Amino acid sequence: MEKDVSNNQDKALEVLKALKKIYPNAKYYLNFKTPLDLLVAAILSAQVSDEVVNEATNGLFKEYKKAEDYAKASVDDLMKHVSKVSFAGNKAKNIIAACKILAEKHRGQVPKELDHLVELPGIGRKTAIVILTNAFEIVPGIVVDTHVIRVSCRLGWTKQKNPEKIEEDLNKLIPQRHWKEVQWLLKAHGRAVCQAPLPYCSKCPIEELCPKTGVTKRL
Ligand code: SF4
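These remarks concern the structure in this document.

Procedures and definitions
- Residues numbered from 1 in each chain as written.
- Predicted model: local features only at pLDDT ≥ 70, side-chain atom pairs only at ≥ 80, totals over all residues.
- Heavy atoms only, no water.
- Helix = DSSP H or I, 4+ residues; strand = E, 2+ residues; numbered from the N terminus.
- Buried < 20%, exposed > 50% of the residue type's maximum accessible area, 1.4 Å probe, protein only.
- Contact = heavy atoms within 4.5 Å.
- Lys, Arg positive; Asp, Glu negative; His and termini not counted.
- Charge placed at Lys NZ, Arg CZ, Asp CG, Glu CD.
- Core = buried A, V, L, I, M, F, W, Y, C linked by side-chain atoms within 4.5 Å.
- Domains from an automatic or database assignment.
- Near = heavy atom within 4 Å.
- Nonpolar A, V, L, I, M, F, W, Y, C, P; charged D, E, K, R; others polar.
- Salt bridge = Lys/Arg side-chain N within 4 Å of Asp/Glu carboxyl O.

Description of the overall build of the protein
Next up, step 1: Helix and strand counts for the protein stand at 11 helices and 0 strands.
Next up, step 2: Reading the secondary structure of the protein in the N-to-C direction produces α-α-α-α-α-α-α-α-α-α-α.
Next up, step 3: With 219 residues in all, the protein has 47% of them scored as buried.
Next up, step 4: Contacts spanning at least 24 positions in sequence make up 59% of the contacts within the protein whose residues lie at least 6 apart.
Next up, step 5: The averaged location of the 26 negative side-chain charges in the protein is 4 Å from the averaged location of its 35 positive side-chain charges.

Written as structure tokens, this is what we have:
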């Protein structure tokens, strides 16, 4: 049994090593300078491309620097910058509500504890891990986004459907020193080759390493 676990881990590490060579510049894509910038960008990022979020935050971050600035703003104020983002109204409300809590309970600072982050409106576990990992170099788990779900299932790294269960499987399979880069690499591969709905297995550079679990049609 233990041998199986270490075999699976060796195979997963081989895939990660190959992906690192293929995508040497894979990184977190949302622009930010401060933890607060990242918190705002991460709230905006659900179900929208990184490019749209980066375009919106370009002007937003010039005008809003502190949690108190957002806390005092109205939804209409934020909409001037974020109207092209999907669900912009709800996300603007969440940003304002989250920043009011930061101003009142955390001296305007983004907390470094997962438990405190998930108490903020618009922030679930995935977003909290994104913030901790990329703003503070605290990596409590692997970020499981839509690309990670799709690609890790096809790679046979998990059989789960629920993101938190997938994260548990990946956290067990992948050594902690690699957790930060897993999302970047699987996202890069998911965008370029292992796409939804059909993966381009015929031009996939890690084809020989992949069991293609659940793949019934491919390009
Ligand atoms: S072989 Fe196909 S399913 Fe596997 S990673 Fe490549 S594109 Fe995705």
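Brief notes about the nonpolar core
Next up, step 1: Formed by 70 residues in total, the largest nonpolar core has its most connected members in Leu-39, Tyr-70 and Trp-157.
Next up, step 2: With 8 residues, the single largest contributor to this core is helix α2 (residues 35-44).
Next up, step 3: Counting only domains with at least three residues in this core, you end up with domain 1 (2-26 + 142-209) and domain 2 (35-136).

As for the site of the ligand
Next up, step 1: Near the ligand you find Arg-154, His-189, Val-193, Cys-194, Pro-199, Cys-201, Cys-204, Ile-206, Glu-207, Cys-210, Lys-212 and Val-215, and these make up its full shell.
Next up, step 2: Grouping the amino acids of the shell around the ligand by side-chain chemistry returns 8 nonpolar, 1 polar and 3 charged.

Observations regarding the environment of Gln-160
Next up, step 1: Along the polypeptide, Gln-160 turns up in the loop between α9 (146-154) and α10 (163-173).
Next up, step 2: Placed 11 residues apart in sequence, Gln-160 and Ile-149 show a C-alpha to C-alpha distance of 9.0 Å.
Next up, step 3: Here Gln-160 is in contact with Cys-153, Lys-165, Ile-166 and Asp-169, once residues within four sequence places are set aside.

Description of the pattern of salt bridges
Next up, step 1: Applying the stated criterion across every chain, the model contains 9 salt bridges.
Next up, step 2: Between Asp-50 and Arg-191 there is a salt bridge; the shortest N-O distance is 3.4 Å. With Asp-50 in helix α3 (residues 50-63) and Arg-191 in helix α11 (residues 179-192), this pair connects stretches of sequence that are 141 residues apart.
Next up, step 3: The partner of Lys-84 in a salt bridge is Glu-55, and the shortest N-O contact between them spans 3.7 Å. Of the two residues, Lys-84 is situated in the loop between α5 (75-82) and α6 (88-105) and Glu-55 in helix α3; the sequence distance between them amounts to 29 residues.
Next up, step 4: Counted as one network, the salt bridges with shared partners bring together Asp-50, Glu-51, Lys-187 and Arg-191.

Geometric values such as these leave the question of function open.
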